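Below, each chain spelled out in residue letters.
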Amino acid sequence: MKHLFACLLLACSTSLFAAPLKVVASFSILADISERVGGERVAVHALVGPDGDAHAWQSRPSDARLVMDADVVIANGLGFDTWLERLAASAGSRRVVLASEGVKPLDQHDDHDHHGDDHGPLDPHAWQNVANVRIYARNIATALIAADAAGESYYRERLAGYDAELAALDADIRQRFAALPEEARKVVTSHDAFAYFGAAYGVRFLSAAGVGNRSEVSAAAMARLIRQLRKEQVPVVFIENVNDPRLIERIGAEGGARVGGTLYSDALSGPDGPAASYVAMMRHNADTILAGIQP
Amino acid sequence: MSAPDAFALACDNLTLGYDRHPAVHHLDCRFPRGALVAVVGPNGAGKSTLLKAIAGELEPIEGGYRLGVPRERVAYLPQRGELDLSFPVSVFDMVAMGLWRQIGAFGRLHPAQAELVRATLARVGLSGQEQRPIGTLSGGQLQRARFARLMLQDADLLLLDEPFNAIDSRTTEDLAAIMQEWHAEGRSIVAVLHDFDLVRRVFPHCLLLAREQLGFGPTAEVLTPELLARARTLAESFDEHAPVCHRHAEAAQ
Amino acid sequence: MIELFVSPFTDFEFMRRALAGCLALALGATPVGVFLLLRRMSLMGDAMSHAILPGAALGYLAFGLSLGAMTVGGIVAGLVVVLAAGLVARSSILKEDASLAAFYLMSLAAGVLIVSLRGKNLDLLHVLFGSVLSLDDGSLLLIAAITSATLLALALLYRPLVLECFDPSFLRSIGRWSPVAHYGFLTLVVLNLVSGFHALGTLMAVGIMILPAAAARLWVKNLPAMLVCAVGLAFASGLVGLLGSFHLDVPAGPAIVLTAGLAHILSILFAPGGAFGARLYRRTHLEA
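Here is what the cut-offs are and how they apply
Residues numbered from 1 in each chain as written. Chains lettered and ligands numbered in written order. Predicted model: local features only at pLDDT ≥ 70, side-chain atom pairs only at ≥ 80, totals over all residues. Heavy atoms only, no water. Contact = heavy atoms within 4.5 Å. Buried area = accessible area lost by both parts, 1.4 Å probe. Salt bridge = Lys/Arg side-chain N within 4 Å of Asp/Glu carboxyl O. Polar contact = N/O pair within 3.5 Å; in protein donor to acceptor, adjacent residues only side chain to side chain. Helix = DSSP H or I, 4+ residues; strand = E, 2+ residues; numbered from the N terminus. Pairing = 2+ DSSP bridges. Axes fitted to C-alpha atoms, helices over the stretch in contact; angles between N-to-C directions. Buried < 20%, exposed > 50% of the residue type's maximum accessible area, 1.4 Å probe, protein only. 1 Å grid on protein atoms, 1.4 Å probe; cavity = no way out; pocket = protein on both sides within 12 Å on 5 of 7 lines; lining within 4 Å. Points joined across faces, edges and corners; volume = space filled by probe spheres on them. Nonpolar A, V, L, I, M, F, W, Y, C, P; charged D, E, K, R; others polar. Arc of directions from axis to C-beta. Parallel < 35°, antiparallel > 145°, perpendicular 65-115°, else oblique. Left-handed = near helix turned anticlockwise from the far one by under 90°.

Undergrad: If you had to explain the interface of chain B and chain C to someone new, which residues and values would you point to?
TA: Many structure descriptions define interface size as the accessible area lost when the parts assemble. Tallying the contact residues gives 23 residues for chain B and 23 residues for chain C. When chain B packs against chain C, the two sides together hide about 2200 Å² of surface, and 61% of this comes from carbon and sulfur. Of all residues in chain B, the largest losses of buried area upon contact with chain C belong to Phe87(B), Pro88(B) and Trp100(B), amounting jointly to 30% of the total for that side. Connecting chain B to chain C are three salt bridges. One salt bridge connects Arg172(C) with Glu57(B), and the closest N-O pair in it is separated by 3.8 Å. Where chain B packs against chain C, one counts six residue pairs in polar contact (both at pLDDT 80 or more). For the side of chain B that touches chain C, the element with the highest residue contribution is helix 3 (residues 100-103) of chain B, accounting for three residues.

Undergrad: Break down the sheet that holds strand 2 (residues 21-32) of chain B for me, citing the residues and quoting the values.
TA: Residue and element names in this part refer to chain B. In space, the three strands of this open sheet follow the order 2-1-4, with antiparallel pairing throughout. Looking along the sheet, the strands with just one partner apiece sit at the ends: strand 2 and strand 4 (62-67). Each strand of the sheet is rotated relative to its neighbour by a mean of 15 degrees, with strand direction disregarded. When strand 1 (residues 7-18) meets strand 4, the two strands line up antiparallel, connected through five bridges. Directly across from Thr15, in strand 4, lies its bridge partner Glu62. Helix-sheet contacts for helix 1 (residues 47-54) involve strand 1, strand 2 and strand 4, and the interaxial angle to strand 1 is about 120 degrees.

Undergrad: Give a detailed account of unusual backbone geometry, specifying residues and quantitative values.
TA: With a phi close to 60 degrees, Leu78(A) is a non-glycine residue in the positive phi region. Tracing the sequence through the fold places Leu78(A) in the loop between strand 3 (72-75) and helix 4 (82-90). A positive phi is found at Arg40(C), a non-glycine position, where the angle reads about 60 degrees. The residue Arg40(C) is located in the loop between helix 3 (13-38) and helix 4 (44-51) in this model. The class for Arg40(C) is exposed, based on a relative accessible area of 60%.

Undergrad: Lay out the layout of surface pockets with the relevant residues and their values.
TA: The gaps of empty space that remain are located by a probe, the size of a water molecule, rolled over the atoms. By volume, the largest pocket amounts to about 1000 Å³. Along its surface, the largest pocket is lined by 21 residues, and Glu82(B), Ala89(C), Lys95(C), Glu96(C) and Pro168(C) are the ones closest to its centre. The biggest single contributor to the lining of the largest pocket is helix 6 (residues 67-91) of chain C, with three residues. Among the residues making up the lining of the largest pocket, the classes are represented as seven nonpolar, four polar and ten charged.

Undergrad: Any details on helix 4 of chain A? Residues and values, ideally.
TA: Residue and element names in this part refer to chain A. Along helix 4, the residues that are buried comprise Trp83, Leu84, Leu87 and Ala88. For helix 4, the arc enclosing every buried residue in end-on projection is 135 degrees, short of the 170-degree limit, so these residues lie on one face. Structural note: helix 4 exposes Arg86, Ala89 and Ser90 on the side pointing more than 90 degrees away from its buried face. Along its buried surface, helix 4 packs onto strand 1 (21-27), strand 2 (42-48), helix 3 (61-69), strand 3 and strand 4 (96-98).

Undergrad: Would you mind going over the side chain of Thr259(C) in detail, with residue names and values included?
TA: Mapped onto the fold, Thr259(C) is located in helix 14 (residues 252-270). Ignoring any residue separated from it by four or fewer positions in sequence, one finds Thr259(C) in contact with Ser237(C), Val240(C) and Gly241(C).

Undergrad: Which residues make up the pattern of salt bridges, and what values do they have?
TA: Here the idea is simple: oppositely charged side chains can pair when their charged atoms come close. All chains considered together, the criterion is met by 30 salt bridges over all chains. Residue Arg204(A) pairs with Glu232(A) through a salt bridge whose shortest N-O separation is 3.2 Å. On the criterion of sequence distance, the pair formed by Arg204(A) in strand 8 (residues 204-207) and Glu232(A) in helix 8 (residues 219-232) is long-range, its members being 28 residues apart. As a salt-bridge pair, Arg170(B) and Asp174(B) come within 4.0 Å of each other at their nearest N and O atoms. Here the residue Arg170(B) and the residue Asp174(B) both occupy positions in helix 6 (residues 169-184), the gap between them amounting to four residues, near one helical turn. For Asp174(B), a relative accessible area of 29% puts it in the partly exposed group. Beyond isolated ion pairs, a larger network of salt bridges with shared partners links Arg73(B), Arg123(B), Asp154(B), Asp156(B), Glu181(B), Glu185(B) and Arg187(B).

Undergrad: Which residues make up the pairing of strand 3 of chain A, and what are the values?
TA: All names here are of chain A. Residues Val72 and Ile74 point to one face of strand 3 and Val73 and Ala75 to the other, with burial holding for every one of them. Where strand 3 meets strand 4, three bridges bridge the pair, whose relative direction is parallel. Along strand 4, the bridge assignment pairs Val73 with Val96.

Undergrad: Give a description of the sheet that holds strand 6 (residues 157-161) of chain B that names residues and reports values.
TA: Residues and elements named next belong to chain B. Strands sit in the order 5-6-7-3-8-9 across an open sheet of six strands; the sheet is mixed. Where the open sheet ends on each side, the last strands, each with one partner, are strand 5 (74-77) and strand 9 (212-218). Within the sheet, the average angular offset between the axes of one strand and its neighbour, ignoring direction, is 15 degrees. Note: strand 3 (residues 36-40) against strand 8 (residues 205-210), four bridges, orientation parallel. Bridging from a neighbouring strand, Val39 pairs with Leu207 of strand 8.

Undergrad: Residues and numbers for the packing of helix 3 of chain C against helix 11 (residues 177-200) of chain C, please.
TA: Residue and element names in this part refer to chain C. As a packed pair, helix 3 and helix 11 sit with axes 10 Å apart at the nearest point and diverge in direction by 135 degrees. Accordingly, the angle class assigned to the pair helix 3 and helix 11 is oblique. Pair helix 3 / helix 11 crosses with left-handed handedness. The residues of helix 11 that touch helix 3, namely those facing Leu25, Gly28, Ala29, Val32, Phe35 and Leu36, are Phe185, Leu188, Val189, Asn192 and Leu200. A per-class count over the contact of helix 3 with helix 11 returns nine nonpolar, two polar and no charged.

Undergrad: Give a detailed account of the environment of Met151(B), specifying residues and quantitative values.
TA: Residue and element names in this part refer to chain B. Position of Met151 among the secondary structure elements: in helix 5 (residues 139-152). Owing to a relative accessible area of 12%, Met151 belongs among the buried residues under this scheme. Spatially, the C-alpha atom of Met151 lies 28 Å from that of Ala45, the residues being 106 residues apart in sequence. Apart from residues no more than four positions distant in its own chain, Met151 is found in contact with Thr120, Arg123, Val124, Ile178 and Trp182.

Pasting the structure below:
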C-alpha cells in the first residue's frame, strides 16, 4: 500500500511538470543549442528558422505573441538580433538572455556588408568558434535553471554531456586544420561571417570584401578580389546558404578558384540537410573547407 | 450602272443608346449610292452616335443597319479627340497610313505610292509640310492632313463627324470643295454638320435628327422652319423618369 | 589611356560580360522604353518589379531556390497582370494606368501572402534579382534571346504600334491590329523587364529602359532618330558607368544608372526640348 501511494505521488509529481518550459530563440542555431541543453523539459521555437536570414528579419505579430508567452527568450547579442530585444521590450519587457555573454568578441571587419542592418562595431558570429558555444550553452543552462529551478539537476546533466561533445568537436577541428601547412589554409567566402572560425582554427578567410551577398557590388572590389585570388593562389571559394551564388561563382571562375560546397554561416539547414544541428553544421563546415582546400 | 435600288447605307429601326436611354430612336432610312448627305440636328441629337455605330464602334440596342458596300470600303473620320499630337510622327508618315489596305502592316511604300501621298498632300494644300511633326500643325492644317489620309483610303462610303469644327473658313471652303469632288467620283458621303448655310450650299440631301428622325430627303424639304422648330424643342439630356418606349410596336400595329 | 579605357575589359572577363549585358539591354529594353515613355507608361517598370512576386513565389514553392523556375514564374505572373490590365482597360471605362495599378497591387499582395505561407523569411525578390557583374552563361543567354526577340517584334509591329500610340481609333477602323499591337507590346515590356531583373537587377533594368528614352526625347523630334539616340545613350551609360565602377570603386548598377541620370540632367539643361531650349537655340526667323 505504501509503495502504491509512493508511486502515485511520483507519478503526480512528474505529471505536474509535464508542461515544458516555453523557450523562444532568435534563430535556429540558438534554438538547437537550447534544445540540447533543455531536452524534454523545454519546448523551443526559433523565430528565424532553418535557411532563414536573421539579418533581414521583419518581425510579425505572431512573433510578438510567442515572445509574450515565452518563459525564456534567448538572443545572440553582439548586435546580431537587436530586433528581438526591441520586440521583447515592446511585448512587455521580458528579460532577454544574451547567449554570448562572457564571450570575447572580435571587432567587426571593416568592409563587412551589413545588409542594411548595422551590427555595430562587433562581429556577432561568435558561434563559429566551438569554444564560444560552450559558453553559450552554459549561459542558456543558467537561464533555464533560473526559470525552472526544479529541473536544475536535469539541465546540469545535459549541459555536461553537451559540453563534452563540444569540447571533443573543438579539439578535432583544431587538430585537422593544424595538420595542414599554413599557406594552404586560405579560402574565400562571400559573407564575412567566419572571422571567429578563422581566428580559432587558423584559417585565413579572405572575405569577398565589398562583395557582400546583397548590396550592390563595385567592379573595383571584384577586380581586387580576383587579383588577390590569382596572386595568392587561393584554391577554393565558398557559397553560403543564404546567398545568390552567381556572384561568387564568377569570382571563382576568374580567380582560378574552385567553387566548393555550401557553408552554413547564420542558420542551420532543414532537418534533411547536412547542417540540421549546430554540431552537424560545424562538422559540415570543417569537412567542406578541408575538402575544398585539399580535395 | 448600279442597280436601281442600290444603297450605300440602310437603317432599320435603328436604336442606339447608353444605359437604356436612347441617343437615337427608331431610325428608318436609306441612303442611295453616291448620295451626299448632311446629318444635322441640335446638340445631343445623336448624330455622332449614329456615325460611330455605322463605323462599327457601337452596338445597336435595338434594330440595326445594313451596309451597301463592303466594310473595308467604309472610312470614318471621327472628331479629333483621341489623336495624340505630342507623338513624334511627321505629316507624311501620318497621311501615308491611309494606304494601309494596300501596304499592310509591314509593306514598304513604293515610289509610286510615295508620289501619291505627296500629290494628295498637294491637293489638300499641304505641299512642303511633309516633314513637319504633326504637333506643329494648326487646327486647319491638321484637318487637311486628316482629309488627305481619308482620301488615300479610297473608300466608297465616307463618314465624317463634324469635319469643319473650329476650322478657319478658308480651310472649310477648300475641304468642302474636295467633298464635292468625291461626290462627283461617285462616292457616298455622310457628314455631321452644324453650319446650315454650308449644308444648303453643298449638300443635296439632309437628315434632320433630334433623337428621332424628323426629316430625310432633299435639303430644301428638310431644313424648313417648322421641322427646325420641332427639333429645337428636343430635350438635350436623358430623362430619368421617362416611360418605356413602345413607339415602334405601336407603329407596326 | 589604354589603361583607363581598355584594360579593365581585357583583363577581366566579368567586365566583358557586363558590357555585353549592357549592350543587350540597350538594344532590347531601351527601344521598348521609348514607346513606354510615349504612351505615358513610364512608371510601369517599378510596378512590374512588384507584380512578378506571386509568380516567383510559386516557382520557389514548387522548385525551391531555382532561379530558372522563379524567373519563369515571374514572367508568367507579369504577363497575367499586364494582359489582364490591358483587357480591362480596353473593355471598361478604366484607363490603362488605373487598371495596371489595380492589378499590380493585387498581385503584390498575393505574392506576399504566398511567401508568408511557407513560413520562411526568404527575401525572394532579392534572390531573384541579379547583378550586372555576375552574369553567368544562362543569364547572358536569356537577355540575348529576349533582345533578339524584341528587335524582331519591334520591326514587325512598328507601324501598328506607332498607330496604336498616337491614333488608336484609326487603327481600329482599318482592321484588327489594335489588340495585337497592344498586347504584343505589353508582352515585350514584361519579357524585357523580367529578364532584366533576373540578369541585372531592378534598378538597372528599369533605369536603362526609361532614362535614356527620356533624355533622347529632349533632343530629337522624330521617332526613328529618338530610338537610335536612346540606344546610343543607354550603351554609353553602361560603358561609362562600368568604367566608373572600376576606377572609382562605386557599385556598378547604381553607377550605370546615375550616368544615365546625369545624361538626362544635361539634356534637361542643354537640349532643344529641355528647360532652357527656347533660349539656347534662338535663331533668327525666316520669311515664311
